[in-house]
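So you can see what is in the structure, the chains are spelled out below.
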Amino acid sequence: MRKTTKKRVQSMKAKQRANLTFRMNILFFSIFLLFTILILRLGFLQIVKGENYARDLERTEEVAVNTSVPRGRLYDSEGRILVDNKPQKVITYTKMQTTTSADMLKTAKKLSKLIEKDTKNITKSDRQDYWLQKNDEEAKKLVTDKERQEIENNEELTKAEKNRAIDRLQRSKLTEEQLNSFTPEEEEIIAIYREMATGYALSPQIIKGDEMNKEEGDILEVTAEEFARVSERLGEADMTGVNTTTDWRRVKNSTLAVLGSVSSPKKGLPNERLNYFLSRDYTRNDRVGTSYIEQQYEEVLQGQKSVVKNITDGKGRVMDVETVYEGKPGNELVLTTDSQVQLEMEAIVEKQLLQMKNNRGTDYLTSAFLIILDPYTGDVLSLVGKKLEKENGKWVANDYAYGAFKTGYELGSTVKPATVLTAYRENAIEVGEYLVDEPIRIKGSSPKSSVFNRNGRIRLNDLTALERSSNVYMFKIAYALAGKTYQPNQPIYFGEDAFLKMRNGYAQMGLGVPTGIDLPGESTGFIGQNESGKLLDLSIGQYDTYTPLQLAQYTATIANGGTRIQPHIVKEIREPSEDGVTLGKLVKEITPTVLNVIDNSQEEINQVRKGMQRVYFGDKGTGRGAFGSAPFTAAGKTGTAQSYYKDSTMEKSVQTVNLTHIGFAPYDNPEIAYAIVVPQAFTESTYKTNYTSAMAREVVDTYFDIQKKKNELETNDSTSTPSIKPAFTNDQIDESDEKNKTDEE
């Protein structure tokens, strides 16, 4: 029995060994077969296809390069071109990753024989670069062996830092005689070389385009002869990277500064926002909006750049260029302003400003502002700012429209409707409540009174207080907001809560808070300290400062019945025009944005509106002289404010008067809300008349006259597709004009 079991075990082990040997043989054979196939495949790739793959590998290193496309155009509300792109012939240079300074210098020498290049922009550093490149051996001798050794032995410096230290030492030893020894031909080479050197690898750099001659004030263009000469030699030696193409430059048909500016290819991305733009796939020499509308709507106007791939060999040389994406011009903007309205309003403000400057006491008068809004949509119908400057001994009024939202002033009695509405809201007075207008006598201070009542006692309600512009009515509101009652010849103390109530009421209507306009750099004015006596000044607009645009938004809030609307200067975003005749497809329409609704009943708002109507048409209205005979219904409020002027040359401040005016028309269904501000109009001792009322009447008359004529024309126009119209004027402001490249800030 034992022998049988033992034999069975031995038989089973023998079978297992046989199976294992068989499996191992199969495994080894499979491995051998796989290795044989692999070796044959490698041999085929190396021997048969090796050269082809190596050549393809060298040719398929692809580097994407973004190239510029035309920027989106700007139109006024009627489709007239405000900002356009003017095509220009340009000669460009694109350097490779492997391009050396010597390569660029050879190309610059070749180009200098084919084109004329303005040499006025050459710097001392450019001359040093060229001298060192041209005189390589002499340059090395400028640094002694001892000096070179000291730099090389400095272990704290990296190799790059040592090279820069030697370069700086060489430059410091170049004499003025050496740097001024170049011929006119060499000066042109230097000018061309500097343009090449400032570019970035694989990014086209404009060597010559349309540029301003600073001395003569002319635009230097690439001539047809230059363009042809360079074009026919593009394939020659030492012309690698040179190309002839068509570019564009920005041209404005308006002097309105808020249209904004665009950087030049030379300036490229602004340093302060460099990382922002680079993270969004911009290149360093891209043109971008640097101010106002051009900056605010950069992403809309920039467009989608065409993308090409430079296919280079293993040495970085471009073998072929492949277009990946054709690119698309930037979308276009239609603004809320009508060029005709804007120009007419500018003319009115300019005329009045220059006339006022001829009066006595206007030494500190320098500017004036007018803003017209659509009270229901927030459309900026006109944004005017003028600033007086001396040119050739004469006063001229230059554009200062951005001052309307960047500068703040005491606005005087035009804030009184806001004071009354705040009083209603805080239960300081009731609708129709009477108060006595009398001189306010505070212990230790001079009396404070209304202009029309220096000594007496006159009983007024809220309507009459607005009509006659009662200061005292507002002072007594301030007392009530502080929970106090006026007592003659007593000291005053108003807590911070009263200031908070007053300013919160103003803020609801747009005073002292951002308007939200779609332009960068908006100011909110200045908020003063909570000094007790200043609450009275605050109630009549003679303490905190507000921008002219805030004043206009506040006026629009009253005009539309209590809704504060965000003002905007862009009306529509459209695709680029396909035919140059009609506007492109609508991408986005800017609809009204409600910021808040004021906490007043409709009865309270209507009461203030009635008071403002009496300013124009009441028997004792402060604006009756200008508006009493108007053929339209309207409402408004006049204002003056004590202000102070002081500059660095003056030992003490001079007391001046700011003139202001607000209004809306027609009364029942307002089409426009307007605000006028003339800071430092007169010295206080010479002020007699508020010129802004006459200006406001002319503004409203002119606006409605333009609208009437336009409506008559539109009645006979059955065209439904918006068409592109020529600019309202023939004026053109080129972005290359250095006179207009100053910082508007």
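Look up a bit, the structure's there.
Heads up: these notes are all about the structure in this document. This is a predicted model, so every value here is computed, not measured.

**Thoughts on the overall build of the protein chain**
Within the protein chain, the secondary structure is distributed over 24 helices and 23 strands. For the protein chain, the proportion of its 745 residues judged to be buried stands at 49%. Taking the contacts inside the protein chain whose residues are at least 6 apart along the sequence as the reference set, 72% of them involve residues at least 24 apart. Here the protein chain displays about 37700 Å² of accessible surface, and carbon together with sulfur accounts for 48% of that area.

**What to know about unusual backbone geometry**
In this chain, A665 is followed by P666 through a cis amide linkage whose omega measures -15°. For P666, the position within the fold is in the loop between β21 (654-665) and β22 (672-683). Unlike most non-glycine residues, D238 shows phi in positive territory, near 70°. For D238, the location among the structural elements is in the loop between α10 (224-231) and β7 (242-252). A relative accessible area of 38% places D238 in the partly exposed class. Positive phi is not limited to glycine here, since Q680 has a value of about 45°. In this fold, Q680 is placed in strand β22.

**Some details on the nonpolar core**
In this structure, V258, I293, L333 and L383 are the most contacted members of the largest nonpolar core, which totals 84 residues. In terms of residue count, the dominant contributor to this core is helix α18 (residues 471-481) (eight residues). Ignoring any residue separated from it by four or fewer positions in sequence, one finds I293 in contact with L74, V258, L259, G260, L301, L333, L335, L519 and I569.

**Brief notes about a nonpolar patch on the surface**
Residues L20, M24, L27, F28, I31, F35, L38, I39 and L42 make up a contiguous nonpolar surface patch of roughly 880 Å² in combined accessible area. Looking at where I39 falls in the secondary structure, it is placed in helix α1 (residues 2-48).

**Notes on helix α22 (residues 602-617)**
Taking 1.5 Å per residue as the helical rise, α22 with its 16 residues ought to reach 22 Å, and the 22 Å between its terminal C-alpha atoms agrees with that figure. Buried within α22 we find E604, I605, Q607, V608, R609, G611, M612, V615 and Y616.

**Things to note about the pattern of salt bridges**
This structure, assessed with the given rule, holds 38 salt bridges. R287 is paired through a salt bridge with D247; the nearest N and O atoms lie 2.9 Å apart. Taken together, the residues span a long stretch of sequence, with R287 in the loop between α11 (274-278) and α12 (292-296) and D247 in strand β7 at a distance of 40 residues. The two residues R287 and D247 agree in class, both being buried. Across the salt bridge formed by D705 and K709, the nearest N and O atoms sit 3.4 Å from each other. Pair noted here: D705 and K709 are both in helix α24 (residues 692-715), with a separation of four residues, about one helical turn.

**Overview of the packing of helix α6 (residues 145-152) against helix α7 (residues 159-172)**
Where α6 meets α7, the closest approach of the two axes is 9 Å, and the angle between their N-to-C directions is 150°. Here α6 lies roughly antiparallel to α7, going by the angle between them. As α6 packs across α7, the resulting crossing turns out to be right-handed. Where α6 approaches α7, its residues E147, R148, I151 and E152 are matched on the opposing element by K162, A165, I166 and L169. Its residues assigned to classes, the contact of α6 with α7 comprises four nonpolar, no polar and four charged.

**So, the sheet that holds β21**
If you walk across this open sheet you meet the six strands as β13-β12-β11-β22-β21-β20, and the pairing is antiparallel. This sheet does not close on itself; its edge strands, each paired only once, are β13 (394-399) and β20 (635-645). Pairwise comparison of adjacent strand axes, ignoring direction, gives a mean angle of 15° for this sheet. As paired elements, strand β11 (residues 367-373) and strand β12 (residues 380-391) share seven bridges and run antiparallel to each other. Among the inter-strand pairings, L370 is bridged to a residue of β12, identified as V384. Strands β11, β21 and β22 of the sheet are contacted by helix α21 (residues 548-559), whose axis makes an angle of about 140° with β22.

**Re the pairing of β21**
Within β21, ten of the twelve residues are buried, which leaves it mostly tucked inside the rest of the structure. Relative to β21, β20 is paired through eleven bridges, and the arrangement is antiparallel. Within β21, the residue paired with S643 across the bridge is T656. Linking β21 back to β22 in an antiparallel pair, the connection comprises six residues.

**A closer look at the environment of T244**
Here T244 lies in strand β7. By relative accessible area, which is 15% here, T244 ends up buried. On a C-alpha basis, the gap between T244 and S231 in space is 6.1 Å, while along the polypeptide they are 13 residues apart. When neighbours within four sequence positions are excluded, T244 is seen to be in contact with V90, I91, F227, V230, S231 and L234. Engagement of the side chain of T244 in a polar contact is seen with the side chain of S231, the distance being 2.9 Å.

Cut-offs used in this document
- Residues numbered from 1 in each chain as written.
- Predicted model: local features only at pLDDT ≥ 70, side-chain atom pairs only at ≥ 80, totals over all residues.
- Heavy atoms only, no water.
- Helix = DSSP H or I, 4+ residues; strand = E, 2+ residues; numbered from the N terminus.
- Buried < 20%, exposed > 50% of the residue type's maximum accessible area, 1.4 Å probe, protein only.
- Contact = heavy atoms within 4.5 Å.
- Areas by Shrake-Rupley, 256 points an atom, 1.4 Å probe, with all protein chains shown as cover.
- Core = buried A, V, L, I, M, F, W, Y, C linked by side-chain atoms within 4.5 Å.
- Patch = residues over 30% accessible without salt bridge, like charges linked within 9 Å, V, L, I, M, F, W, Y side chains within 5 Å.
- Salt bridge = Lys/Arg side-chain N within 4 Å of Asp/Glu carboxyl O.
- Expected span 1.5 Å × (residues − 1).
- Axes fitted to C-alpha atoms, helices over the stretch in contact; angles between N-to-C directions.
- Parallel < 35°, antiparallel > 145°, perpendicular 65-115°, else oblique.
- Left-handed = near helix turned anticlockwise from the far one by under 90°.
- Nonpolar A, V, L, I, M, F, W, Y, C, P; charged D, E, K, R; others polar.
- Pairing = 2+ DSSP bridges.
- Polar contact = N/O pair within 3.5 Å; in protein donor to acceptor, adjacent residues only side chain to side chain.

Any functional reading would require information that these geometric values do not contain.
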